Amino acid sequence: MHLYTAQEMRDLDQYTIQEVGIPGVVLMENAGRMVTEEILRRHPHPGRAVILTGGGNNGGDGFVIARLLWGAGWDVSVWITGTQEKMSAETATNYHVCRRLQLPMEHFTSDKGDSLSPLLQQADVVVDALLGTGVKGPLRPPYGALIERVNRDTKGWVLAVDTPSGVETDNGSIETIAIRADVTVSLVGPKWCHYLRPGAEYVGELVIADIGIPKEVARKMGTSARLNGPEEWKEFFLPRSRWSHKGTHGHLLVLGGSKGMLGAVKMSGVAAYRTGVGLVTLGVPESQLTTLGPSITEALLWGWPEDELGQFGNDIPVDWRERSNRFKAMAIGPGLGKVSNGQEWIRQLLQGDHPIVLDADGLNLLALDPSLLKERSAPTILTPHPGEMARLLNTSVQEVERFRPEVAKEWAHTYGVTVVLKGSHTVIATPDGRQWVQPKASPALAKAGSGDVLTGIIGALLARGWTSATAALAGVWLHNSAGELAVTSSSHSVLATDVIQCIGDAIQLID
Ligand SMILES: NC(=O)C1=CN([C@@H]2O[C@H](COP(=O)(O)OP(=O)(O)OC[C@H]3O[C@@H](n4cnc5c(N)ncnc54)[C@H](OP(=O)(O)O)[C@@H]3O)[C@@H](O)[C@H]2O)[C@@H](O)CC1
Ligand SMILES: Nc1ncnc2c1ncn2[C@@H]1O[C@H](COP(=O)(O)OP(=O)(O)O)[C@@H](O)[C@H]1O
Ligand SMILES: [K+]
């Protein structure tokens, strides 16, 4: 599914009106009708609605909604912000229709707040049609005072048309204040701000409304970003052939599991098996073999040179060259810990032509010299959480969080890698500038070990021969779905190992 910026939305809108010939007033009518249907679905009996309209086309949608609710027997009260002179032709048309029908309408000014408040308190629904994709810069008066009143006085529920007013469409920022919506009905498709904080926290339930722009037109115009879902990659998830054997499904080497962190490497390995890889080898510091051995059944074990602290040591194994040919891909990082002479250690591993997923301390080693990536031609996926991304960029977590899409895109482009910037709505960026957002967020995953599971899933797909983009996308989706499925009682109680158990059920959900 397409994910829109404000400009992409405007371009699609203009193309549909000017080139396809569907009049803007028809699109506005469709938008208003879809939002009204959503209100009536949730509140089938006539009630009381306060409709807040701005001076742009978002306000125009509001006038359509007011008319349709009024026609359905609702008691409506329209509050107008913005001047009539600046209205677009479509908005003005719908404003005049409301006037001719003599719907109750008032122009909002700060001194009228006290007459609005009782209506907000009595309303079953308050419709925010103040500002949509056309908002620019900090809110001008009287929007701030109006929004503050809505957030304070509304007792029923708030529905935002397209975006909660006050939220910047492309980056989710809020300069002053924004409408706290219970439901946001986004027209045509989702917008970036529905997934980026802080704006995303103001969206409530997100509903997408089809306003009659032909799918083929939307496809042709495209967007630079999409939502992650099975339609992006499911063609690669083929049924397991009855003629296959373990070698057919790839061999993954997972490097990690220093002293005290063996659980991480184990979870990655088991997650990889559950994702269908044929064979997993766990490479751990030599002395950890005896501890790991009894608790791991399916994986092969390989002891790596270590230092006196039980950490990966100065060098990679002497027989690395001959043995490395067996592996189809590597996952480096789960429970890796510190590595003496780490820069040289990671350099040697990155030098090869294995597809690699790098996580956790693997990323911290990379941070010592990210330019190592530029010498690689094999697929590479980095799976940083915001803290790791900040270390790679030598910046703060706040900066990374503020510019999530830009950071992921820039890094992917500069270093020619696929970046999986984790978080509640993980952003995936590929070197060619494409981006995806994981639309559903499973808070059950906010627990130690989740990242190791994701690394194992992605590693398995790389070992099975998937491209880095498809492995990253399918990996993030399967991980999130498994996280949701693992919630059998409370999302507080889910363990990373429960998530692993649900990978098979998540695969079953791919339709
Ligand atoms: N896409 C589609 O297919 C369709 C889109 N549709 C709808 O159109 C919406 C986009 O409409 P849009 O472009 O007219 O912009 P919109 O969000 O109403 O804002 C412009 C208004 O806000 C004002 N304003 C701006 N910044 C401000 C600030 N900081 N503080 C205060 N005021 C500010 C600005 O004032 P001005 O700067 O011009 O004085 C102007 O009055 C979209 O979200 C969707 O709902 C549907 O009708 C169906 C088809
Ligand atoms: N609230 C949330 N919603 C969705 N996914 C989440 C949430 N919190 C964490 N996750 C996911 O869980 C994983 C955590 O990874 P990470 O921080 O590396 O954990 P660890 O290193 O402890 O295993 C990431 O894939 C992240 O996207
Ligand atoms: K709005």
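Description of the structure in this document. Just so it is clear, the structure is predicted and the values come from calculations on it, not from any experiment. (Residues numbered from 1 in each chain as written. Chains lettered and ligands numbered in written order. Predicted model: local features only at pLDDT ≥ 70, side-chain atom pairs only at ≥ 80, totals over all residues.)

**So, the overall build of the chain**
Regarding its fold elements, the chain presents 19 helices and 18 strands. The burial tally for the chain puts 50% of its 511 residues in the buried class. Taking the intrachain contacts of the chain between residues at least 6 apart in sequence as the baseline, contacts between residues at least 24 apart amount to 73%. (Helix = DSSP H or I, 4+ residues; strand = E, 2+ residues; numbered from the N terminus. Buried ≥ 20, exposed ≤ 12 C-beta atoms within 10 Å, placed from the backbone. Contact = placed C-beta atoms within 7 Å.)

**Considerations on the site of ligand 1**
Gly 55, Gly 56, Asn 57, Gly 132 and Gly 134 are the nearest of the 32 residues found near ligand 1. Elements with a contribution of two residues or more to the shell around ligand 1: helix H1 (6-20), helix H2 (24-42) and helix H3 (57-71). A per-element tally of the shell around ligand 1 places H3 first, with five residues. Residue composition of the shell around ligand 1, by class: 13 nonpolar, 13 polar and six charged. (Near = placed C-beta within 6 Å. Nonpolar A, V, L, I, M, F, W, Y, C, P; charged D, E, K, R; others polar.)

**Topic: the site of ligand 2**
The environment of ligand 2 is formed by 18 residues, the closest being Lys 422, Leu 445, Ala 446, Ser 450 and Gly 451. Here the shell around ligand 2 is composed, by residue class, of seven nonpolar, nine polar and two charged.

**Quick notes on the sheet that holds strand E3 (residues 75-80)**
Pairing in this open sheet of seven strands is parallel, and the strands run E4-E3-E2-E5-E6-E7-E8 from one edge to the other. Both edges of this open sheet fall to strand E4 (105-107) and strand E8 (205-209), since each of them pairs with a single strand only. Shown here is a sheet whose adjacent strand axes are inclined to one another by a mean of 20°, direction ignored. Direction of pairing for E3 relative to E4: parallel, over a ladder of three bridges. Counted as the bridge partner of Trp 79 is Glu 106 from E4. (Pairing = 2+ DSSP bridges. Axes fitted to C-alpha atoms, helices over the stretch in contact; angles between N-to-C directions.)

**Description of the sheet that holds strand E14 (residues 356-358)**
Pairing in this open sheet of eleven strands is mixed, and the strands run E1-E9-E18-E17-E16-E15-E14-E13-E10-E11-E12 from one edge to the other. Two strands in the sheet have a free side with no partner beyond their single neighbour: strand E1 (2-3) and strand E12 (300-304). Bridging between strand E9 (residues 225-227) and strand E18 (residues 435-437) involves three bridges; their strand directions are parallel. Bridging across to E18, Arg 226 finds its partner in Trp 436. Sitting on the sheet, helix H15 (residues 404-415) is in contact with strand E16 (418-421), strand E17 (427-429) and E18, with an inclination near 155° to E16.

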